[in-house]
Amino acid sequence: MDINITGGRIFYEIPIDFPLLGRFQITETLVVSWIVMLLITGLCIWLGHDLKEENISKRQALAEMLVEMAEKFVVGNMGEAFRYMIPFVAALFTTSVVSNLISLIGLRSPTADLSTEAAWAVVVFTMITAQKIKTSGFGGYLKGFTTPIPIMTPFNILSELATPISMACRHFGNILSGVVINTLIYAALAVASSALLGLLPGALGGVLSRIPILDVGIPAVLSVYFDWFSGVMQAFIFSMLTVMYIANAAEG
């Protein structure tokens, strides 16, 4: 197993050649994604064990509240017929939220990698297409590309393909922009701290100018938006788009 460092990101490359794929690379995104899945799995096990019908614990009350919120979100936007979608939408939202917020503990968010959102978008697009075929039949699905007139077929195909692309890029762009802005803020404050403290006379200025004092406090305030608010909001938007696209596909 070879260890390589590319662009500051460490990944492992398994020296086994796969047809058409080349060597399989275990990237930082994959590793953190596994950590996210382990965290969510552990949380589900903790919330779901030792459930009771009476005298429930605060843990069980929290679990029931989360389930009710997911149920209201899906059934309220899609209808009772789509109750089976609750686990999928809840898993999608939770994975997105934890992936977005995991950067708060110093790990690189998997959603700052376009491949993550692209994979989610492909899954959602497959479900949308399956729902359209289920509603209108395969023939009706193909005929839909020719409406309102056959000459619109190429544009309708492009519009169909734009759905997963827009979903992936919207989520990725917002998360990556937050990562980039936070990085620039840290770098700018470090430079400002060095410049200001370097004005102090003697050895004191030399020592303090090496400590990025301004990096303490200010980035934490900005993190409330770029990490917490934006991370939760992007997960909500992606889940809402998933729900609405699938519900609209069922209407034919």
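Residues numbered from 1 in each chain as written. Predicted model: local features only at pLDDT ≥ 70, side-chain atom pairs only at ≥ 80, totals over all residues. Heavy atoms only, no water.

On to the packing of aromatic side chains. Tallied over the entire structure, the rule returns four aromatic pairs. A centroid spacing of 5.2 Å and a plane angle of 75° characterise the contact between Tyr141 and Phe145, whose relative ring orientation is edge-to-face. Per residue, the accessibility class of Tyr141 equals that of Phe145, and both read buried. (Phe/Tyr/Trp six-rings, centres within 6.5 Å; stacked < 30°, edge-to-face > 60°. Buried < 20%, exposed > 50% of the residue type's maximum accessible area, 1.4 Å probe, protein only.)

Glancing now at unusual backbone geometry. Trans peptide bonds make up the majority, and among non-glycine residues the majority have a negative phi. Positive phi, close to 55°, is recorded for Asp50, a residue that is not glycine. Within the chain, Asn55 stands out as a residue other than glycine whose phi angle is a positive 50°. Within the secondary structure, Asn55 is located in the loop between α1 (28–48) and α2 (58–78). (Helix = DSSP H or I, 4+ residues; strand = E, 2+ residues; numbered from the N terminus.)

Quick look at the nonpolar core now. With 20 residues, the main nonpolar core has Val74, Met78 and Met85 as its most contacted residues. Counting only elements with at least two residues in this core, the list comes to α2, α3 (86–101), α4 (114–143) and α7 (218–250). With six residues, the single largest contributor to this core is α7. Setting aside chain neighbours within four positions, we find Val74 in contact with Gly79, Phe82, Met85, Ile86 and Val89. (Core = buried A, V, L, I, M, F, W, Y, C linked by side-chain atoms within 4.5 Å. Contact = heavy atoms within 4.5 Å.)

Turning our eyes to something else, we now look at the confidence of the model for the protein chain. Looking at the protein chain as a whole, its pLDDT mean stands at 80, while 81% of the residues score no less than 70. No element of the protein chain has a lower mean pLDDT than strand β1 (residues 2–6), at 37, and none a higher one than α3, at 91. Long-range and interchain partners of residues 1–8, a stretch whose pLDDT sits below 50, account for 18 contacts in this model, where long-range means more than four residues apart. (pLDDT = per-residue confidence, 0-100.)

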